[in-house]
Amino acid sequence: MEVEEPYSSVYNEVTARARQELDNDIRPALVTQVENIDEYDTLIVETPIWSSRLAPPVKSFLVIK
């Protein structure tokens, strides 16, 4: 998944952004789209876990409330 505003490659910057997104339930806008997703019977989504939680870009993709 590709976010509209890419994450920094600087560790302290990316962890600060991740913390802000997690703490404020921010779901970053995505560039990535799945064409004809309704045509799939099964969708397997793998993600890293950020601070024991689902990564915000994945929540954006899954539209979890």
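Worth saying up front: this structure is predicted, and the values here are computed from it rather than measured.

Report on the overall build of the protein chain, specifying residues and quantitative values.
Each helix and strand counted, the protein chain has two helices and two strands in total. From first element to last, N terminus to C terminus, the protein chain shows the α and β order α-β-β-α. Each principal axis of the C-alpha distribution contributes one length, and for the protein chain these read about 40 × 20 × 20 Å. Residues counted as buried form 22% of the 65 residues belonging to the protein chain. Look at the contacts in the protein chain between residues 6 or more apart in sequence, and 64% of them connect residues 24 or more apart. Accessible surface computed for the protein chain: about 5100 Å², of which carbon and sulfur atoms make up 49%.

How would you sum up the packing of aromatic side chains? Please name residues and give values.
Aromatic ring pairs are defined here through the distance separating the ring centres and the angle between the ring planes. Scanning the entire structure with this criterion turns up one aromatic pair. Residues Tyr-7 and Trp-50 carry aromatic rings whose centres are separated by 5.8 Å and whose planes lie at 85 degrees to one another, so their mutual orientation is edge-to-face. With Tyr-7 in the segment before α1 (11–23) and Trp-50 in strand β1 (residues 49–50), the pair connects residues that are 43 residues apart, well separated along the chain. Between Arg-17 and the ring centre of Tyr-7, over which it is positioned, the NZ or CZ distance is 3.8 Å.

Cut-off values and rules
Residues numbered from 1 in each chain as written. Predicted model: local features only at pLDDT ≥ 70, side-chain atom pairs only at ≥ 80, totals over all residues. Heavy atoms only, no water. Helix = DSSP H or I, 4+ residues; strand = E, 2+ residues; numbered from the N terminus. Buried < 20%, exposed > 50% of the residue type's maximum accessible area, 1.4 Å probe, protein only. Contact = heavy atoms within 4.5 Å. Areas by Shrake-Rupley, 256 points an atom, 1.4 Å probe, with all protein chains shown as cover. Phe/Tyr/Trp six-rings, centres within 6.5 Å; stacked < 30°, edge-to-face > 60°. Lys NZ or Arg CZ within 6 Å of the ring centre and 35° of its normal.

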